[in-house]
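Tertiary structure, described
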Amino acid sequence: MTTIPFMPRAKSRSRASDPKIPNLTPEQLEDFGDEMDALRQRVIADLGEEDANYIRNVVKRQQQFEVAGRLMFYVPPAWPLAVAALSVSKILENMEIGHNVMHGQYDWMGDPKLNSRIYDWDNVCPGEQWKYSHNYIHHTFTNVLGKDRDIGYGILRMDEDQKWHPYYLGNPLWAFLLMTFFEWGVAMHDLEVENIVAGKRKIEENAHLHSAIMKKVKRQAVKDYLLFPALTGPLFPLTFAGNAVANLARNVWAFNIIFCGHFPAGVATFTEEECEDESRGHWYYRQLLGSANITGGDLFHMMSGNLSHQIEHHLFPDIPARRYPEISVEVKEICERYGITYNTGRLSKQLFTVFKKICRMSLPTPAPKAETVVEEQVATAA
């Protein structure tokens, strides 16, 4: 298959966040892909008891935090501790367990409790629908405009090549609301609400998704806002509020980690034409350019589901995430040899650039200068 390397746009058309992107030859891309494949195979061949013990221990700790949180709701003075414990439990369950298990990272263990085909997470978005929109659509077409619906989640404008509309003046507000109700945003994302509003899709085409989402929404709502609060009797209001705050904490944390891995300065997007007849090497190349990491300690990485290593996750989504820190050392070395920018930084740094982009994309993008258009036409002709 032929490969179309990612071509940087002319200067005035390039995004302020674009890195200096090398144009690898087809031969270099093939070698690059071979190196990534070899790295993947070495890690898969090394998977074993240590990896199995790790995820089982995380599940055990998550369950302990949940039980502790639920029990402390019976002691009103311990309400802040109850909320903190339940928040940690929900974050661990969604990030390090649910997300990674549903990627199939632990299918090799043969444990039905950790099998991607069976597991469903503590979230209003049904696992089966998420696996299609995320595991297939997002990870296949990462950052390809018009294909990857995770670019802005159908709510935000996050790229200059997304057509501007006055609606996007509310970008900062929409981002805040998405962060606050992130699990609901993910669930609605699968319904392609933005395409229904735009008339590109009929609501009847998504009818088969409605029942599954409503069933999951009811189950989550009953669990968090009726059953567990009711079990605490007269403390119902406090428990109700505590569950709501824990869900909010999980939503805010997940939003920030995910957005810092996908949308900070230096992360590139691609056109469908740039990915036509894409080779394996070019796919790896695109994953690297379309992702960013966040630096931190072991606890931070675990609480982020190791999505603080978003680069490695996009390269190897089905490898246990606990392996990403060790893989990152070799991935970074390979990037240096090929002249590819390895985008990483502190959470505060990445978050700041994400916020800047959200605000910048709320405004119309200035039209390119005439001479730039000519330059682009000449480059295309060449």
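Details of the structure are given in the entry above.
What comes next concerns the included structure.

Thresholds applied
- Residues numbered from 1 in each chain as written.
- Predicted model: local features only at pLDDT ≥ 70, side-chain atom pairs only at ≥ 80, totals over all residues.
- Heavy atoms only, no water.
- Helix = DSSP H or I, 4+ residues; strand = E, 2+ residues; numbered from the N terminus.
- Buried < 20%, exposed > 50% of the residue type's maximum accessible area, 1.4 Å probe, protein only.
- Contact = heavy atoms within 4.5 Å.
- Areas by Shrake-Rupley, 256 points an atom, 1.4 Å probe, with all protein chains shown as cover.
- Polar contact = N/O pair within 3.5 Å; in protein donor to acceptor, adjacent residues only side chain to side chain.
- Core = buried A, V, L, I, M, F, W, Y, C linked by side-chain atoms within 4.5 Å.
- Patch = residues over 30% accessible without salt bridge, like charges linked within 9 Å, V, L, I, M, F, W, Y side chains within 5 Å.
- Salt bridge = Lys/Arg side-chain N within 4 Å of Asp/Glu carboxyl O.
- Axes fitted to C-alpha atoms, helices over the stretch in contact; angles between N-to-C directions.
- Parallel < 35°, antiparallel > 145°, perpendicular 65-115°, else oblique.
- Nonpolar A, V, L, I, M, F, W, Y, C, P; charged D, E, K, R; others polar.

Quick look at the overall build of the protein
Each helix and strand counted, the protein has 15 helices and two strands in total. The buried share among the 382 residues of the protein stands at 52%. Taking contacts inside the protein between residues at least 6 apart in sequence as the whole, the part at least 24 apart equals 71%. Surface exposure of the protein reaches about 17900 Å², of which carbon and sulfur atoms provide 63%.

Some words on the environment of Ser-87
Relative to the helices and strands, Ser-87 resides in helix H3 (residues 79-101). In sequence terms Ser-87 and Val-245 are 158 residues apart; their C-alpha atoms lie 7.9 Å from each other. If near-sequence neighbours (up to four positions away) are discounted, Ser-87 is found in contact with Val-245, Ala-246 and Ala-249. A polar atom in the side chain of Ser-87 sits 2.7 Å from the backbone oxygen of Val-83.

What about the side chain of His-314?
Relative to the assigned elements, His-314 resides in helix H12 (residues 310-315). At 3.1 Å, the side chain of His-314 and the side chain of His-138 are in polar contact. A distance of 3.3 Å separates a polar atom in the side chain of His-314 from a polar atom in the side chain of His-262. Setting aside chain neighbours within four positions, we find His-314 in contact with His-138, His-139, Thr-142, His-262, Trp-283, Gln-287, Gly-290 and Ser-291.

Comments concerning unusual backbone geometry
At Tyr-153, a position not held by glycine, the phi torsion is positive, near 55 degrees. Along the chain, the position of Tyr-153 falls in the loop between helix H4 (127-140) and helix H5 (171-180). Its identity is not glycine, yet Asn-306 carries a phi of approximately 60 degrees, on the positive side. A relative accessible area of 4% means that Asn-306 is categorised as buried.

Concerning the nonpolar core
In terms of nonpolar packing, the biggest core is built from 47 residues, with Ile-97, Tyr-106, Leu-114, Leu-178, Phe-182, Phe-255 and Phe-259 touching the most fellow members. For this core, the secondary structure elements donating two or more residues are helix H2 (49-72), H3, H5, helix H6 (182-189), helix H8 (207-231), helix H9 (236-262), helix H11 (298-303) and helix H14 (347-360). Listed in part, the 30 residues of the second largest apolar core include Leu-47, Ala-268, Tyr-284 and Ile-319.

What about a nonpolar patch on the surface?
On the surface, Val-67, Leu-71, Tyr-74, Val-75, Val-222, Leu-226, Leu-227 and Leu-231 cluster together into a nonpolar patch covering about 730 Å² of accessible area. Within the residue set of the nonpolar patch, elements represented by two or more residues are H2 and H8. Locating Leu-226 in the fold gives a position in helix H8. A residue is classified by how much of its surface remains accessible, and Leu-226, at 48% relative accessible area, is partly exposed.

Concerning the pattern of salt bridges
Following the criterion strictly, the structure yields 22 salt bridges and no others. The partner of Asp-37 in a salt bridge is Arg-280, with the nearest N and O atoms 3.6 Å apart. Residue Asp-37 is found in helix H1 (residues 26-46), and its partner Arg-280 is found in helix H10 (residues 280-289); the two are separated by 243 residues along the sequence. With a shortest N-O distance of 2.8 Å, Arg-323 and Asp-51 are connected by a salt bridge. Remark: Asp-51 occurs in helix H2 and Arg-323 occurs in the loop between H12 and helix H13 (324-338); sequence separation between them is 272 residues. Note on accessibility: Arg-323 and Asp-51 belong to one class, buried. Through salt bridges with shared partners, a single network forms among Asp-46, Glu-50, Asp-51, Arg-322, Arg-323 and Glu-326.

Things to note about the packing of H9 against H14
It is at 9 Å that the axes of H9 and H14 come closest, and there the two elements cross at 80 degrees. Overall, the two elements H9 and H14 adopt an arrangement that is roughly perpendicular. For the pair H9 and H14, the contacting residues are Asn-256, Phe-259 and Cys-260 in the first and Leu-347, Gln-350, Leu-351 and Val-354 in the second.

Comments concerning the packing of H5 against H9
Running from amino to carboxyl end, H5 crosses H9 at an angle of 125 degrees, the nearest separation of the two axes being 7 Å. Judged by the inter-axis angle, H5 sits oblique to H9. Residues Ala-175, Leu-178, Met-179 and Thr-180 of H5 form the contact with H9, whose participating residues are Leu-248, Asn-251, Val-252, Phe-255, Asn-256 and Phe-259. Residue classes in the contact of H5 with H9 are distributed as seven nonpolar, three polar and no charged.

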